[in-house]
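Working through the structure, step by step
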Amino acid sequence: MSNNRKYTEQNQRFHTRAAHSGFDSRSFHGFVNPPVVHASTVLFPDMATLRRNGQQYTYGLTGTPTTAALEAALNELEGSHGTVLVPSGLAAISLPLLTFLSAGDHLLVVDSVYFPTRRFCRSVLQRMMVEITYFDPSISTETFESHLRPNTKAVLLEAPGSNTFEMLDVAALSAAAHKAGAVVMMDNTWATPLYFRPLDHGVDVSIHALTKYPAGHSDIMLGSVSTTAECYGRLRETQMAMGINAAPDDAYMTLRGLRTMPTRIERHEKSALQLAQWLETHPRIAKVLHPALPSFEGHELFKRQFSGSTGLFSIVLAGGGDVEGAAFVDALEIFGIGYSWGGFESLALQVELSDRTVAVAPKEGPVIRLQIGLEDVEDLQRDLELGFAALDQLDG
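Let me sum up the structure you'll find in this document. In this text the structure is predicted, and so the values were computed from the model without any measurement.

Some details on the overall build of the protein
The helix and strand inventory of the protein stands at 13 helices and 12 strands. The C-alpha atoms of the protein give 22 Å as radius of gyration, which agrees with the globular expectation for 396 residues (21 Å, within 12%). When its C-alpha atoms are laid out on the principal axes, the protein stretches across 80 × 50 × 35 Å. The buried share among the 396 residues of the protein stands at 56%. Of note, the protein has its 31 positive side-chain charges centred 8 Å away from the centre of its 44 negative side-chain charges.

In structure tokens, the structure reads:
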């Protein structure tokens, strides 16, 4: 891309920035995509250059032109000062927690957080003697402030909440946390920077599982952590001390997926909303957990902060338990049964919410999480009808 842009980043809309961010074709002999650089050793012209780290690339672990291109693209989309790449979404959560927490510190975590995050807190952080408090996602700012302690060093948010999609007032909670001197982190995987930019709402650290929508094809494991200038140096130092970075092939494939992400997400969003609205009317459904629906409890808060929705939401069956949940999911033919989401294919899964301490599972029935892929909506609707038919057979 030319360095003499007629339009600055601020003038460009997201589709344009996603298509063009993170590369300069002149640096790559005119090729549209950056090269995939595989490297461990990087040569220096002389000892003086080596001693002062006097060149952009010094060792494969510190990055290559391929990883730098993806980092630059994410900085542009997130509005961040710096981004580091790590091998998975979970690593993108654990790295900043390890960066900003020490023994004796206190961490506040929203109770609707991604389950592997809770597992990391329960195992590694508690072993490090970090105190952890989980708070209700429906918490008022005043009550949230009462949970903050002198030793609260970090707050971890996720919005919408994992599996049940609770909404948070991100700016208000961030402001309260900053008054107490805490770093605010947020898992923004669901919305992506297309529909929500955490740093614009006071968050310090934006976490993303690039495995999901950016890569988009269910074949990459990658995570990113994008931060303010104040947080970047410390995060990067911890990353290098731990010796973790992203493989160039994964970075390249994710950068390629990023170019089409806005178009794919718009299809996910449209199909998911169409199915969610239909499911709301079905007698077998107690409620649909989709923040873009007016019936959703946190809908007004969603509208105030997010500019759109994506393809993941949940339904609560009207009655039953594990038997009914399994019967519904097992009857589906197009929807696959599997973890993760954000790829081209539709998925269904009965979620386990017994780890919650405050934001407990809905009482009406089992919760089924749906990832709406790129298939035709009419086919997906017929497939879901197979699940309902299986419930009818259970009733005899």
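Thoughts on the sheet that holds strand S12 (residues 367-371)
Hydrogen bonds between backbone groups are what pair the strands of a sheet, and the pairing can be parallel or antiparallel. Read across the sheet, five strands follow the order S8-S9-S12-S11-S10 without closing on themselves; strand pairing throughout is mixed. The strands lining the two open edges of the sheet, one partner per strand, are strand S8 (285-289) and strand S10 (336-337). The sheet contact formed by strand S11 (residues 347-350) and S12 spans four bridges and is antiparallel. Among the inter-strand pairings, Leu347 is bridged to a residue of S12, identified as Gln371. Relative to the sheet, helix H12 (residues 322-330) contacts strand S9 (312-317), S10, S11 and S12, its axis offset from that of S11 by approximately 170 degrees.

Definitions and cut-offs
Residues numbered from 1 in each chain as written. Predicted model: local features only at pLDDT ≥ 70, side-chain atom pairs only at ≥ 80, totals over all residues. Heavy atoms only, no water. Helix = DSSP H or I, 4+ residues; strand = E, 2+ residues; numbered from the N terminus. Rg over C-alpha atoms; globule rule 2.2 N^0.38 Å. Buried < 20%, exposed > 50% of the residue type's maximum accessible area, 1.4 Å probe, protein only. Lys, Arg positive; Asp, Glu negative; His and termini not counted. Charge placed at Lys NZ, Arg CZ, Asp CG, Glu CD. Pairing = 2+ DSSP bridges. Contact = heavy atoms within 4.5 Å. Axes fitted to C-alpha atoms, helices over the stretch in contact; angles between N-to-C directions.

Geometric descriptors of this kind do not, in isolation, establish any biological role.
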